[in-house]
Amino acid sequence: MASLQPVRGTHDLLPDELRRHRKVIETARHVASLYGFDQVATPIFEFTDVFRRTLGDTSDVVTKEMYTFTDRGGEEVTLRPEATAGIARAFISGGLAQNLPLKFFTHGPMFRYERPQKGRLRQFHQIDVEILGVAEPQADIEVIAVGAQILDALGVRDKTMLELNTLGDAESRDAYRTVLVEYFSDHKDALSDDSKNRLTRNPLRILDSKDEGDRRIVADAPLFPDYLTQAATEFFADVTGGLDALGIAYTLNPKLVRGLDYYGHTAFEFTTDALGAQGAVIAGGRYDGLIGTMGGQPTPGIGWAGGIERLAMLIAEPAADARPIAVIPMGEAAQAVGLKLAADLRHAGHRTDMGYRGNLSKRMKRANKLNAHAAIIIGDDELAKGVATVRDFDDGEQSEVPLEDVVASLAQEG
RNA sequence: GCGGGUGUAGCUCAGUUGGUUAGAGCACCAGAUUGUGAUUCUGGGGGUCGUGGGUUCAAUUCCCAUCACUCGCCCCA
């Protein structure tokens, strides 16, 4: 039994759950297409270096969460922990710099070796949008707007809030990081163990610590806006101005820091308090340095990823699939007629189920369980008259319809 | 990776202060109804009480380990 369990943190997607996923994906794909995003798909694994180089050697994702293995050819490969690195790699290997700007939508499984929790799995799924080749803040605005509209279309906008911050340009960030490290180093003894660790790896994170002692120290820490360059300040003002013009509400959160090294300027998260510790449903930011770091022609980029499982937990139950028609042939002679009729119905666009086994009562029960809206019964009596008995499951009415008219009669009702 | 909680039928859960054959509802199967579903009635199948070890005359119950789930931390979608 134990060996028949799915691997920890992985999940089977059975019809009801997959229907929710599909709703998220289809909604996102549709809204993204309204904004001009084209769907792409990249491999779910890459050479390990693709992630190690782009995400940063100190990020948690790289240091402890990657599914890395050696393949039969001796290559070290990694199941993708996120989508952006793969898209950036595809951009470079495919020579797509000729076609800028590019707007991509993608979705699929991601893998991180983490301890599972609600809304947090080892294999999980994301929707993702990226804009490549636009350095202007209009891209930031558009990327946030498409996220907001997707949440709207999913009916979960009122369960989320948009948190926004700027990480500034490299110059701003380096300056701030330096004073921050100085400040926290002076208080190092009072910091929590986690934050001592963060001091070397990602000092900005200390600002967001949940430890009470840390918070007291953070309260008097230098503030980032004081270290933003004029250009970075203006850039961010353009972004917030655009969101204001679109009527997209946001909360400025100076403590919002992204964990991956490649982010700069705009950082944002759509968060919810409905999923316990996992608040972010969509999160992203600008990564102007990423493609250059990977060895491509320096190209600005911005995008976000949304957790499908997390969104799927927030949305209302999706509408059920179309109700089928049940074709029930009784007896050998009817079998062939039923088979042909079912085929005709399917070609006419009806979802159709064939009742193969058991007496009529049993087949009717199965049809009812499938939530069929009608049953078409064909037995010896019907064959002799060249008709089928069509029974409506909702009102219990039934009538005999000439075989050749069955498809048309159902089309009228539908 | 760290700390807490929980594992009894397919699902939701009772129960056993350690003692003969472990229960309910829902679901499933069959019959009432060999050509008519949902309702109803009757019957049935299904559990190594997560797994392994220990204590005991006796363990589903107590102890330890392990696995899974879950909540929080780290981090993140």
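Residues numbered from 1 in each chain as written. Chains lettered and ligands numbered in written order. Predicted model: local features only at pLDDT ≥ 70, side-chain atom pairs only at ≥ 80, totals over all residues. Heavy atoms only, no water.

### Regarding the environment of Leu191
Following the sequence through the fold, Leu191 ends up in the loop between α6 (170–186) and α7 (193–201). Looking at Leu191, the relative accessible area reads 4%, which means it is buried. Spatially, the C-alpha atom of Leu191 lies 5.6 Å from that of Asp214, the residues being 23 residues apart in sequence. (Helix = DSSP H or I, 4+ residues; strand = E, 2+ residues; numbered from the N terminus. Buried < 20%, exposed > 50% of the residue type's maximum accessible area, 1.4 Å probe, protein only.)

### As for the sheet that holds strand β4 (residues 76–79)
Strand order in this open sheet of three strands is β2-β4-β3, and the pairing throughout is antiparallel. In the strand order of this sheet, the two ends are held by β2 (45–47) and β3 (67–70), each with one partner. Taken over all neighbouring pairs, the strand axes of this sheet differ in orientation by 30° on average, direction set aside. Here β3 runs beside β4; their pairing, made up of four bridges, is antiparallel. Residue pairing in the sheet places Thr70 in a bridge with Glu76 of β4. Relative to β2, helix α2 (residues 48–55) is tilted by about 80°, and along the sheet it contacts β2, β3 and β4. (Pairing = 2+ DSSP bridges. Axes fitted to C-alpha atoms, helices over the stretch in contact; angles between N-to-C directions. Contact = heavy atoms within 4.5 Å.)

### A word on the nonpolar core
In terms of nonpolar packing, the biggest core is built from 41 residues, with Val24, Phe37, Ile127, Leu243, Phe268, Phe270 and Trp304 touching the most fellow members. Top element by residues in this core is helix α5 (residues 137–153). It accounts for nine residues. Of all hydrophobic cores here, the second largest spans 19 residues; its members include Phe91, Leu167, Leu290 and Met294. (Core = buried A, V, L, I, M, F, W, Y, C linked by side-chain atoms within 4.5 Å.)

### Quick notes on helix α9 (residues 230–246)
Spanning 17 residues, α9 covers 25 Å between terminal C-alpha atoms, matching the ideal 24 Å at 1.5 Å per step. Within α9 the residues assigned to the buried category are Ala232, Phe235, Phe236, Val239, Thr240, Gly242 and Leu243. The buried residues of α9 all sit within an arc of 155° when viewed along its axis, so they share a single face. Exposed residues on α9 whose side chains face more than 90 degrees from its buried face are Gln230, Ala231 and Ala245. Buried residues belonging to α9 abut α5, β7 (161–166), α6, β8 (251–252), β9 (264–271) and β10 (280–286). Gly247 sits one or two positions beyond α9 and adopts a positive phi of about 70°. (Expected span 1.5 Å × (residues − 1). Arc of directions from axis to C-beta.)

### Section: the pattern of salt bridges
Applying the stated criterion across every chain, the model contains 19 salt bridges. Across the pair Arg52 and Glu76 runs a salt bridge whose closest N-O atoms are separated by 3.4 Å. Taken as a pair, Arg52 in helix α2 and Glu76 in strand β4 lie far apart in primary sequence, 24 residues in all. The class for Arg52 is partly exposed, based on a relative accessible area of 32%. Given the relative accessible area of 36%, Glu76 is considered partly exposed. A salt bridge links Arg286 to Asp288; the shortest N-O distance between them is 2.8 Å. Through salt bridges with shared partners, a single network forms among Asp16, Arg19, Arg22, Asp321 and Arg351. (Salt bridge = Lys/Arg side-chain N within 4 Å of Asp/Glu carboxyl O.)

### Describing the sheet that holds strand β16 (residues 398–402)
Strand order in the open sheet made by the five strands is β13-β12-β14-β15-β16, with mixed pairing throughout. The two strands at the open ends of the sheet, each matched to only one other strand, are β13 (352–354) and β16. Recorded for the sheet is a direction-independent mean angle of 25° between the axes of neighbouring strands. The sheet contact formed by strand β12 (residues 325–329) and strand β14 (residues 374–378) spans five bridges and is parallel. Directly across from Ile328, in β14, lies its bridge partner Ile377. Running over the sheet, helix α12 (residues 332–347) touches β12, β13 and β14 and is turned about 165° from β13.

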